[in-house]
Number of protein chains: 2
Amino acid sequence: MSRDVAIIGVGLSKWGELWEQSLRDIFVDAALAAIADAGVEKIDSMYVGNMSAGIFNGQEHLASVLADYLGVAPIPAARVESACASGSLALKMGYMDVALGMSEVVLVGGVEKMTDVTGDVATYALATAADQDYEVFNGVTFPGLYAMMARAHMEKYGTTREQLAEVSVKNHYHGSMNPVAQYPFKITVEDVLNSVMVADPLRILDCSPITDGAAAVILCPLEMAKKIGKKQPVKILGLGHATDSIALHSRADVTTLPATTKAAQAAYKMADVKPEDLDLIEVHDCFSIAEIVVMESIGLVEPGKGGPAVASGMTRLGGKIPVNVSGGLKSKGHPVGATGVAQAVEIVTQLRGEAGGRQVQNARLGMTQNMGGSGGSALVHIFRVEE
Amino acid sequence: MSRDVAIIGVGLSKWGELWEQSLRDIFVDAALAAIADAGVEKIDSMYVGNMSAGIFNGQEHLASVLADYLGVAPIPAARVESACASGSLALKMGYMDVALGMSEVVLVGGVEKMTDVTGDVATYALATAADQDYEVFNGVTFPGLYAMMARAHMEKYGTTREQLAEVSVKNHYHGSMNPVAQYPFKITVEDVLNSVMVADPLRILDCSPITDGAAAVILCPLEMAKKIGKKQPVKILGLGHATDSIALHSRADVTTLPATTKAAQAAYKMADVKPEDLDLIEVHDCFSIAEIVVMESIGLVEPGKGGPAVASGMTRLGGKIPVNVSGGLKSKGHPVGATGVAQAVEIVTQLRGEAGGRQVQNARLGMTQNMGGSGGSALVHIFRVEE
């Protein structure tokens, strides 16, 4: 039988344009914060989610670099990559390591240092998550891909331009209460509608930013967590992971995200919970349309009802099921390899009741949804606080 | 209790300068060969070892791309990276997945498509496995790093230029019997000594080549393997994984490889075997000096005795303990992300008695040693054929 696994520590670096810090600096900041939060003295193994330090920083072999700089070498250290879902993939690997009994205390981190490049390198690096031979070669990058999804969703379901804007407005409202957020200010629907066009119908305030940042969590067996944890352990109750056609043009329907649906179903089954049991969710709002399609794909609302649901306030703090109370990728920022781990950090912070002004009351059960590219990979994880 | 895990299928693509094939083509060739060899109809999960498709091919999100092209999406698929040890890291992840019971049948692949770049891009990409901020920034790349290790080893132990050459001569002799080898011809000590200087004392025939190639293995629980396997199952008996300072200048002694030593010790312990029990070993001979230092670091010979041991014929086919009967990285080729998986393919082929002219007689127990960079990461795995 495998062992139950819990998170006993969480940490974040600063998030934003961190020109004064290097890739390794920000990773170490997050890792040390998580280690201090957990109160552990020793790490047995380490997993690092990172999308493209090769292109952004000229650095592969990243887990060894970071284990060395953190001062934990010679422990095993592995970098894992699934584009913007790399962080949640790292969490899955760390879970497997502890559940199997290979390690007792595992550090799972995610990091991306995206602002040290010039010109169009960041856009090029991000586009390596799409199909290089069949999509990128023909000139499409992610704003274009998500714009096509938005157009199709508007056409099929009547989703409105204003409903898309409501996603960004909500997430900036939430982010205004998050001290780590890169853009911690409120915006209005009018601000979104008047912002610069990126790829019709998506405007700049529909798009998550380029961010430097890192996040880390400490895992250990649940039984150990109950003994050594300084705070309430948060159990990893369910994990789901699936893939899909890498290219958008290969899919039968671009108004839904099948990998996210399959990952969510697997996580619900493993956790034995239903969407309506959840107290809060962090989802992958790389673009405003993404949050709407994800809400539908995870079964939170019926297909086509995501836009009206957001506009109704249902997913706002205080609503029926708050989504992205951290501010989401849009306001908090999106250092791609760190995002999945940072989502877990937010859920743990909320389940412990430590989220300050953005606290979801009586939160017991939370979920993260993290995806790569235009949904070619997705991971969904479910967490429950232990009393 | 975790489950025992076995390899039931192996496959390789062509290896060499494959200008007529893309990254995804060669991966699919290896994967389909492994699936056919195993006789399985369904894969539950997939791991891909790859060092730098981001730089070489403009393609991250690689596991989803490859799952899609192989036709196995929506299964979970993860790319893992530890520079030139990425393949062995993928094997470790696949082992964990099956041992834990998350999946029944897992495909573990490794791939690198290195020849589609121009100018010095390949050297740049490979150098991202070193410390970009402190080594590469100052102009050193891998031939230089291994040349420093060679100079130190010659100074400390009296290792000779001719002994280094004997590594390449032996591996080319072995490779001459391997149909997949990129350079399947014999060479002499004189050929090595007269070849072009790369980084004194290392000449071009001390260096492994730039290679396109892929390798794949199919894992399943040992109990299942005994029922469904078309051939003798090969049990994964031990796994070891460790890290070290990423930069050579941070190490107390550059004539040894501590991560390799720690990984080997962990694998020996898990497998409950000693170096003298082994029938053959595949090691990471990225440069001739590497094979000598690895032999010492895994405890095959005493420190300083690696050079004389190679010159004595001890590690040649027919000798006491054949090393790199595949031809090694030097003759077989070194598509960096594929190498660790290809080492496992060779061991399985040998343990099944299917290695043709390069067959090690009565081989029952084999080992692979695979490392990243100048030894900043290392993985050692031990395999035993089941009757």
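Note that the coordinates shown come from a computational prediction; the quantities given were computed from them, not determined experimentally.

Novice: I keep staring at the overall build of chain A and nothing clicks. Help me out?
Specialist: For chain A, the count of helices and strands is 14 helices and 11 strands. In terms of overall size, chain A behaves like a compact globule, its C-alpha atoms giving a radius of gyration of 19 Å where 387 residues would be expected to give roughly 21 Å. A principal-axis box enclosing the C-alpha atoms of chain A has dimensions of 55 × 45 × 35 Å. The buried share among the 387 residues of chain A stands at 69%. Across chain A, every contact between residues at least 6 apart in sequence was considered, and the portion connecting residues at least 24 apart equals 77%.

Novice: When you look at the packing of aromatic side chains in this model, what are you seeing that I'm missing?
Specialist: What characterises a pair of aromatic rings is the spacing of the ring centres plus the angle enclosed by the ring planes. Residues and elements named next belong to chain A. A full pass over the atoms with the stated rule returns 6 aromatic pairs over all chains. Cation over ring: Arg24 sits above Tyr69, and NZ or CZ is 4.3 Å from the ring centre. For the cation-ring pair, Arg316 lies above Tyr173, with the distance from its terminal atom to the ring centre recorded as 4.2 Å.

Novice: Would you mind going over the nonpolar core with me for this structure?
Specialist: Within the largest apolar cluster, 126 residues are counted, with the highest numbers of intra-cluster contacts made by A:Tyr146, A:Ile382, B:Tyr146 and B:Ile382. Apart from residues no more than four positions distant in its own chain, A:Tyr146 is found in contact with A:Leu202, A:Cys286, A:Phe287, A:Ile289, A:Ala290, A:Met371, A:Gly373, A:Ser374 and A:Gly375.

Novice: Looking at this structure, how should I read the relation of the copies chain A and chain B?
Specialist: Two copies of one chain are present, and they are related through a rotation about an axis combined with an axial shift. Laying chain A over chain B is done by rotating through 180 degrees and shifting 0.0 Å along the axis; what remains is an RMSD of 0.0 Å. A rotation of that kind, with that shift, is consistent with a two-fold axis. Taking the C-alpha atom as reference, chain A places A:Val80 closest to the rotation axis, 2.2 Å from it. In this assembly the copies share their binding face: 98% of the residues contributing to the interface of chain A also contribute to that of chain B.

Novice: Mind showing me how you'd approach helix α6 (residues 142-157) of chain A here?
Specialist: Each α-helix turn comprises 3.6 residues. Residues three or four places apart therefore point the same way. Residue and element names in this part refer to chain A. With 16 residues, α6 extends 22 Å between its outermost C-alpha atoms, agreeing within 8% with the 22 Å of an ideal straight helix rising 1.5 Å per residue. Of all the residues in α6, the buried ones are Phe142, Leu145, Tyr146, Ala147, Met149, Ala150, His153 and Met154. In this fold, the buried residues of α6 make contact with α5 (121-127), α7 (161-175), β5 (197-199), β6 (202-203), α11 (288-297) and β10 (365-372).

Novice: Just to check I follow, could you spell out the confidence of the model for chain A for this structure?
Specialist: On average, residues of chain A carry a pLDDT of 97, and 100% of them reach 70 or more. Reported confidence for the predicted complex is 0.97 by ipTM and 0.98 by pTM.

Novice: Whenever I open this one, unusual backbone geometry confuses me. Can you help?
Specialist: Glycine aside, a negative phi is what most residues show, and trans is what most peptide bonds show. Here the bond from A:Ala73 into A:Pro74 is cis, since omega is 15 degrees, no more than 30 degrees from zero. Checked against the element boundaries, A:Pro74 lands in the loop between α3 (62-70) and β3 (77-81). With an omega dihedral of 15 degrees, the bond running from B:Asp200 to B:Pro201 counts as a cis peptide bond. Relative to the assigned elements, B:Pro201 resides in the loop between β5 (197-199) and β6 (202-203).

Novice: Could you clarify how one ought to interpret the environment of B:Val341 in this entry?
Specialist: Residue placement: B:Val341 occurs in helix α14 (residues 339-351). Those residues in contact with B:Val341, other than ones at most four positions away along the chain, are B:Gly87, B:Ser88, B:Val108, B:Gly109, B:Gly110, B:Ala215, B:Ala216 and B:Val217.

Novice: Would you take a moment to explain the pattern of salt bridges for this structure?
Specialist: All names here are of chain A. Per the stated rule, a full pass over the model turns up 43 salt bridges over all chains. Linking Lys156 and Asp253 is a salt bridge whose minimum nitrogen-to-oxygen distance equals 3.1 Å. Taken together, the residues Lys156 in helix α6 and Asp253 in the loop between β8 (234-243) and α10 (258-271) connect sequence positions 97 residues apart. Residues joined by salt bridges that share partners form a network here, namely Asp37, Lys231, Arg352 and Glu354.

Novice: Sorry, what's going on with helix α7 (residues 161-175) of chain B here?
Specialist: Residue and element names in this part refer to chain B. Over its 15 residues, α7 runs 22 Å from end to end, which matches the ideal 21 Å to within 8%, given 1.5 Å per residue. Among the 15 residues that make up α7, 12 are buried, leaving the element largely enclosed by the rest of the structure. All of the buried residues along α7 are Arg161, Gln163, Leu164, Ala165, Val167, Ser168, Val169, Lys170, Asn171, His172, His174 and Gly175. Here the buried face of α7 lies against α6 (142-157), α8 (189-193), β6, α11 (288-297), α12 (306-312) and α13 (328-332).

Novice: Sorry if this is basic, but what is going on with the interface of chain A and chain B here?
Specialist: By convention, interface size is frequently given as the accessible area that disappears when the constituent parts associate. Chain A puts 60 residues into the contact, and the matching count from chain B is 59 residues. The contact between chain A and chain B buries some 4,400 Å² in all, and 56% of this surface belongs to carbon and sulfur atoms. Residue A:Arg24 is joined to B:Asp133 by a salt bridge in which the shortest nitrogen-to-oxygen separation is 3.5 Å. Counting the contacts that link chain A with chain B gives 34 residue pairs in polar contact (both at pLDDT 80 or more).

Novice: Teacher, can you tell me more about the pairing of strand β1 (residues 5-12) of chain A here?
Specialist: As a general feature of sheets, a regular strand has side chains that alternate between the two faces. Residue and element names in this part refer to chain A. Taking burial as the measure, the 8 residues of β1 include 7 buried ones, the bulk of the element. Sheet analysis places β1 next to strand β7 (residues 213-221), joined by 7 bridges and oriented antiparallel. Looking across to β7, one finds that Gly9 is bridged to Ile218. Here 2 bridges tie β1 to β8, and the two strands are oriented antiparallel to one another. Pairing of Ile7 across the sheet is with Val234, part of β8.

Novice: It is not clear to me how the side chain of A:Glu291 should be interpreted in this structure. Could you clarify?
Specialist: All names here are of chain A. Among the structural elements, Glu291 can be located in helix α11. Note on Glu291: relative accessible area 0%, which makes it buried. Look past the residues within four positions of Glu291 in its chain and what remains in contact with it is Val167, Lys170, Asn171, Val283, Asp285, Val323 and Asn324.

Novice: Looking at this model, I keep getting lost on the packing of α7(B) against α11(B). Mind explaining?
Specialist: A packed helix pair is summarised by two numbers, namely the angle formed by the two axes and the spacing between the axes. Residues and elements named next belong to chain B. The contact between α7 and α11 brings their axes to 8 Å, and the two run at 95 degrees. What the angle tells us is that α7 and α11 run roughly perpendicular. Within the contact between the two elements, α7 uses Gln163, Leu164, Val167, Ser168, Lys170 and Asn171 and α11 uses Ser288, Ile289, Glu291 and Ile292. Taken together, the residues of the contact of α7 with α11 break down into 4 nonpolar, 4 polar and 2 charged.

Here is what the cut-offs are and how they apply
Residues numbered from 1 in each chain as written. Chains lettered and ligands numbered in written order. Predicted model: local features only at pLDDT ≥ 70, side-chain atom pairs only at ≥ 80, totals over all residues. Heavy atoms only, no water. Helix = DSSP H or I, 4+ residues; strand = E, 2+ residues; numbered from the N terminus. Rg over C-alpha atoms; globule rule 2.2 N^0.38 Å. Buried < 20%, exposed > 50% of the residue type's maximum accessible area, 1.4 Å probe, protein only. Contact = heavy atoms within 4.5 Å. Phe/Tyr/Trp six-rings, centres within 6.5 Å; stacked < 30°, edge-to-face > 60°. Lys NZ or Arg CZ within 6 Å of the ring centre and 35° of its normal. Core = buried A, V, L, I, M, F, W, Y, C linked by side-chain atoms within 4.5 Å. Least-squares fit on C-alpha atoms with pLDDT ≥ 70 in both. Expected span 1.5 Å × (residues − 1). pLDDT = per-residue confidence, 0-100. Salt bridge = Lys/Arg side-chain N within 4 Å of Asp/Glu carboxyl O. Buried area = accessible area lost by both parts, 1.4 Å probe. Polar contact = N/O pair within 3.5 Å; in protein donor to acceptor, adjacent residues only side chain to side chain. Pairing = 2+ DSSP bridges. Axes fitted to C-alpha atoms, helices over the stretch in contact; angles between N-to-C directions. Parallel < 35°, antiparallel > 145°, perpendicular 65-115°, else oblique. Nonpolar A, V, L, I, M, F, W, Y, C, P; charged D, E, K, R; others polar.

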